[in-house]
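# Inside the fold
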Amino acid sequence: GVIFDYEMRQQRLLQGHTNTISCAAASDDKKWLVTGDKGESDTMVVVWNARTGVPVRTIFEAHPGGVLSLDMTCDAMYIATLGAGLGQSLKIWEWTLQRDEPAAQSEITSKDVQHCVMFRRDDFSELITNGQARTIFWTWTDNTLKYYSPAISAKEFLTPIGRFTRSVFIPYSTQAVSATEDGDLLLWDQVLLPALHSRPTDRCAIKLLRMHEGAAVTVVSVFDNFLVTAAADGFVRFYDFKFRLLAWYEDLDVGPITALTFTSPQMPVKDATVLESQVRVPNFVVASSTGKIALVNAAIFEMFTKEERRGELLVHAFESHIAAICAHPLASQLFVVTRGGMLRVIDYESQAWLRHKVLEKRIPTCICINPNGQELVVGCTDGSLLILNTADLDLIQRASQGDAGATKLAFAPDGMHIAIADTDACVGLYRRERNVLESGKEVPWLYVGRYRSHHAPVVQLAFVEDEDAGVVRLVSLGRDRVLVEYDLSNSFAATGIVVRSAVTIEQTAVPTSLVVLPPGTHPGEDPVRPLVVSANDEYKLKVLDVLGLQGVHDDRPLPSQESHCVQTLLGPTYGPPPHTLAMLPVGEDHKGKRYCVYSTPSKVVGLIKLPFDGNPNKGMGLIAHPGGVEGLCVSHDGRYVLTTGGSDFGVMLWEVDTSAIDAAANMGGSGIEPYEALIPGGKEGEFYDDMCDYFYLAQLRAQGENTTAERQVTGVVPVDMVPDIMRALGYYPSNFDVRDFQHEVLRRGQEQVDFATLLKLFVNHKPVREASLVDMKQAFEALGAEPLTGIIKADALMMMLKRIGEPLGEQELNARVETLQGRTLTGRENLTAEAWAEQVLE
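Bear in mind the structure is a predicted one, so any value in this text is a computation, not a measurement. (Residues numbered from 1 in each chain as written. Predicted model: local features only at pLDDT ≥ 70, side-chain atom pairs only at ≥ 80, totals over all residues. Heavy atoms only, no water.)

### Structural notes on the sheet that holds strand β19 (residues 217-223)
Sheet strands associate in pairs through backbone hydrogen bonding, adopting either a parallel or an antiparallel arrangement. Applied cut-off: Strands are labelled as partners when DSSP assigns at least two bridges between them. Put simply, DSSP marks the helices as runs of H or I at least four residues long and the strands as runs of E at least two long, and each gets a number from the N terminus on. Note on geometry: axes are lines fitted to C-alpha atoms, helical ones only across the stretch in contact, with angles between N-to-C directions running from 0 to 180 degrees.
Pairing is antiparallel in the open sheet, where 4 strands are placed in the order β19-β20-β21-β22. Two strands close off the open sheet at either side, each with one partner strand: β19 and β22 (245-249). Adjacent strand axes in the sheet meet at a mean angle of 15° when their direction is disregarded. For β19 and strand β20 (residues 226-231), the ladder comprises 6 bridges, and the chain directions are antiparallel. From the neighbouring strand, Val 220 faces β20, where its bridge partner is Thr 229.

### A few points about the pairing of strand β13 (residues 135-141)
Filter applied, for reference: To sort residues, take the accessible area from a 1.4 Å probe on protein chains only and compare it with the maximum for the residue type: under 20% means buried, over 50% means exposed, and anything in between is partly exposed.
Burial runs high along β13: 5 of the 7 residues are buried. Alignment of strand β12 (residues 123-130) against β13, held across 5 bridges, turns out to be antiparallel. Opposite Thr 129, over in β13, you have Ile 136 as the bridge partner. The pairing of β13 with strand β14 (residues 144-148) spans 5 bridges and is classified as antiparallel. Within β14, the residue paired with Thr 139 across the bridge is Lys 146. Taken together, β13 and the strand that follows it, β14, pair antiparallel across an intervening segment of 2 residues, in which Asp 142 is found at a positive phi of about 50°.

### Some thoughts on the side chain of Lys 91
Which entries qualify depends on this criterion: Distance and chemistry together define a polar contact, namely a pair of N or O atoms within 3.5 Å, with one atom able to donate a hydrogen and the other to accept it when in protein, and with adjacent residues in sequence counting only for side-chain atoms on both sides. Whether two residues touch is decided by their heavy atoms; if any such pair falls within 4.5 Å, the residues are in contact.
Relative to the assigned elements, Lys 91 resides in strand β9 (residues 89-93). Here the side chain of Lys 91 touches Ala 62 through a polar contact of 2.8 Å, landing on its backbone oxygen. For Lys 91, the contacting residues outside a window of four places in its chain are Ala 62, His 63, Ile 79, Ala 80, Thr 81, Pro 102, Ala 104 and Gln 105.

### Quick notes on a nonpolar patch on the surface
Heads up, the condition is: Patch membership needs two things, relative accessible area over 30% and no salt bridge, and members are linked within 9 Å if like-charged or within 5 Å if nonpolar (Val, Leu, Ile, Met, Phe, Trp, Tyr). Only the protein chains shown count as cover for residues, and all accessible areas are computed by the Shrake-Rupley method using a 1.4 Å probe. When a carboxyl oxygen of Asp or Glu lies within 4 Å of a side-chain nitrogen of Lys or Arg, that pair is called a salt bridge.
Among the surface-exposed residues, Tyr 574, Met 620 and Leu 622 lie close enough to one another that they form a single nonpolar patch of about 220 Å² accessible area. For Tyr 574, the position within the fold is in the loop between β46 (565-570) and β47 (580-584). Here Tyr 574 falls in the partly exposed class, since its relative accessible area comes to 33%.

### Structural notes on helix α9 (residues 810-821)
Here is the rule: By this rule the span expected of a helix is its residue count minus one, scaled by 1.5 Å.
The end-to-end C-alpha distance of α9, which contains 12 residues, comes to 16 Å, matching closely the 16 Å that a straight helix rising 1.5 Å per residue would cover. Note on α9: the residue one or two positions beyond its end, Gly 822, has a positive phi of about 85°.

### So, the side chain of Thr 832
By secondary structure assignment, the location of Thr 832 is in the loop between β57 (830-831) and α10 (833-841). A distance of 3.2 Å separates a polar side-chain atom of Thr 832 from the backbone nitrogen of Ala 835. With residues near it in sequence (within four places) discarded, Thr 832 still touches Phe 780, Thr 789, Gly 790 and Ile 791.

### Here we look at the pattern of salt bridges
Summed over the entire model, instances satisfying the criterion amount to 38 salt bridges. Close ionic contact of Arg 99 with Glu 94 constitutes a salt bridge, the shortest N to O distance being 3.8 Å. Taking relative accessible area as the criterion, Arg 99 reaches 37% and is therefore assigned partly exposed. Among the ionic pairs, Asp 637 bridges to Arg 639, the shortest N-O distance being 3.9 Å.

### Considerations on the sheet that holds strand β37 (residues 427-436)
In space, the 4 strands of this open sheet follow the order β35-β36-β37-β38, with antiparallel pairing throughout. Strands at the two margins of the open sheet, each flanked by one partner only, are β35 (406-411) and β38 (442-451). When strand polarity is set aside, the average angle formed by the axes of neighbouring strands in this sheet is 30°.

### Notes on the confidence of the model for the protein
Under the convention used in this document: For every residue, the predictor states its confidence as a pLDDT score lying anywhere from 0 to 100.
Here the protein averages 89 in pLDDT, while 95% of its residues score no lower than 70. Confidence drops under a pLDDT of 50 for residues 272-277, and excluding neighbours within four residues, the segment shows 5 contacts in the predicted structure.

### Some details on the packing of aromatic side chains
As a reminder, the rule being used: Any Phe, Tyr or Trp ring, taking Trp's six-membered ring, that has another such ring centre within 6.5 Å forms a pair; planes under 30 degrees apart are called stacked, those over 60 apart edge-to-face, and the others tilted. Look at NZ for Lys and CZ for Arg. If either is within 6 Å of the ring centre and within 35 degrees of the ring normal, a charge sits over the ring.
Under the definition given, this model contains 25 aromatic pairs. Between the aromatic rings of Phe 687 and Phe 762, the centroid separation amounts to 5.7 Å while the plane-to-plane angle is 35°, which identifies the pairing as tilted. Here Phe 762 lies in helix α6 (residues 755-765) and Phe 687 lies in helix α3 (residues 686-702), a separation of 75 residues in the sequence. Judged by its relative accessible area of 3%, Phe 762 is buried. Aromatic rings pair up to connect Phe 223, Phe 226, Phe 238, Trp 248, Tyr 249, Phe 262, Phe 284 and Phe 301 into one cluster. Positioned above the aromatic ring of Phe 736, the side-chain terminus of Arg 739 is 4.6 Å from the ring centre.

### Quick look at the pairing of strand β34 (residues 395-400)
Note: strand β33 (residues 384-389) against β34, 5 bridges, orientation antiparallel. The residue bridging Ile 387 from the neighbouring strand is Gln 397, located in β34.

### What about the environment of Glu 7?
Structurally, Glu 7 is set in the loop between β1 (2-5) and β2 (10-13). Here the alpha-carbon distance between Glu 7 and Ala 352, two residues 345 residues apart in the chain, equals 15 Å.

### Comments concerning the nonpolar core
So the rule is basically this: Nonpolar cores are built from buried Ala, Val, Leu, Ile, Met, Phe, Trp, Tyr and Cys residues. Side-chain atoms within 4.5 Å join them into one set.
Judged by nonpolar contacts, the single largest core of 28 residues is most densely connected at Met 691, Met 726 and Phe 762. Elements with a minimum of two residues in this core: α3, α4 (722-728), α5 (735-746) and α6. The contacts of Met 726, once residues within four sequence positions are left out, are Tyr 731, Pro 733, Phe 741, Leu 758, Leu 761 and Phe 762. Judged by nonpolar contacts, the second largest core, of 27 residues, contains Cys 116, Phe 164, Leu 186 and Val 222.

### Thoughts on a negative patch on the surface
What counts, and what does not: The charged-residue count follows a simple rule in which Lys and Arg add positive charge and Asp and Glu add negative charge, with His and chain termini not counted at all. Charge positions are represented by NZ for Lys, CZ for Arg, CG for Asp and CD for Glu.
On the surface, Asp 414, Glu 465, Glu 467, Asp 468 and Asp 526 cluster together into a negatively charged patch. Note that Asp 468 resides in the loop between β39 (458-466) and β40 (471-478). Since its relative accessible area comes to 61%, Asp 468 is described here as exposed.

### Details of the environment of Thr 338
Mapped onto the secondary structure, Thr 338 falls in strand β28 (residues 333-338). Look at Thr 338 and you get buried, because its relative accessible area is 1%. For the pair Thr 338 and Val 597, spaced 259 residues apart in the sequence, the C-alpha separation amounts to 23 Å. With residues near it in sequence (within four places) discarded, Thr 338 still touches Phe 318, Glu 319, Ser 320, His 321, Ile 322, Ala 323 and Pro 364.

Here it is in structure tokens:
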């Protein structure tokens, strides 16, 4: 949540919710604010001190699935909440008492989901809720909630009744009103002759009042002695409690209104029968579906011209789903494109809107900027590429490489190439070269070609500067686990894009992101050698040598293939695996240190201190968004990180303070101390002792088991014995994994590893999440098990194990099965994942 001081132009963030905030209410004196969220888990209702922004009470899991609507009494003593999940209920909380149970609660049996709840302002023992078709009146006495829901007969009204939006009681009367999407208010009141089985105090629908012509009434509330309505037509109207129009505001020019609040505290409820000689309409604030928030001075009602009767714009937010964001490389400017076809430029330090451009008939999907800050490229769903001048957003060139929508864009560091990935898993290339189109127009960018280099979506494109060769290299990484390098120097419009190499970098994990590592930031490597870092869905980071890429889809047996992995490291484990990585520019406060920013698909944004080494103390993560994180970029000076949730229509500006992560890294210890903490039981645990025993046993085996010579405790073991130690510790690496971590050690010129190196290899390579029975079932199904029964014949399973993946020989497979099961298989057995896990693997 955000508390915005519009006079000082300052925001105060209310951080605490882990899900999307679905509703909010404030006390009459504006001192207390209550917010509620909804989601699958970790839902909460939070009461805040509105003046300090400090949470004073949190109610966890108030309802299954969270809260759909809530209200607070005038004296701020009680909160009413409507559940958002199945089995909806209404609960009343006396939040000032530190207890977890509500003061009263009741299940809602109506099939019409209730989405609005309001206390009666002059009598807290009465509440009203409504769904789209039914309104329910509640009475709260002796910690018990009783209710009735009057039926509505269509025959009683000349016009159909629209779906309900909001409801409110009329103070000092027996009346209540429910607003509708048709612009009406349905009036409820007691009648002299109630219906059969009704009590005299029960209300029924007596009249339909047209308040807004054909526009949904989105706000109906009581403030002082006014009944206030606002609607999708952008109008705000004030009535007395006899429904007589007192003031109207119809030229606010903000669009369809979705919310309204008042700037002054609400006074105690007065008797509506006492009329004042002069009507004093309070100032108010409105929000609209177009992203505008405006302050309305009540005095503009007396103005003559339309321009004078408009509200003062406080906030102009984004009007539709944010598709992508990109920061200027030299200035404090942010470029934002929305799915509604709007491009906006914002000064993120002053929060000022600088420029905007409507991208007609196109839906943007991605955006990138020339490193010199002069050109902006926008990719669209129709495959078109818009190249704009950043100074005035004028179109430089419109290009297209097909009908497939753009998904990723990248600009070369020297500004000479633009790479684009699309929904067909193809990579396209443009070169800065003046050429003439068929129309006769001269344009600065030449379309080189397009190549289907992946059979799964492209995760990232990256240009890598090779200083030794004096060239720029282009690589792409796909979810097909293939890293492709393109030969830019031999790619021309006549020949198309030429692929230089394509190698598989993962065996089971799926890549999620790719970033170029700054030169000289990885210890033990040539400071000018270009390296890239990939992230995968198994919480691992892989440092890859771009210059080491050889061959196109190497089909040689695995042992004869070269590994392209410099090092495999444990990545951040805060929430889901990272799906975006970005290097933070060196800032004035960084003291020459380098950092990497990351985001996950859901909620989390974090920071990692370089060099990458798997040390958990050198990374952090925080909940930045209630839902997905769809965009991330960094400021040119490294001071800020900007993120967007896309569907939340917002951009978050985070100030980077590296002192905390530096302190955490120092406090976490040095050497292997941080890694020892990741071992089950820690350094003092049984697992650590077993690891030491296996390490010493490996030293003895390396000297020969059948010997009478004096043993030497060397403190190192040969690298080819590391896989056996890993298996003894419960981590069973594949041949692919063995090749990678042996290459990791041999690359450093070492043929033996000490205990510290072994410990780091184990922590960095072992799976973060252990294989579950669900994983086992999915594996059996992939191998051909029956979908319904999960059964696979033993001979079929053995045949698959001998043919696919890393095939096992006949003798080797039989020996492994006999070791695990104590006998050989005949081939006629029916095997299931459950039986295999319980009888064979345990």
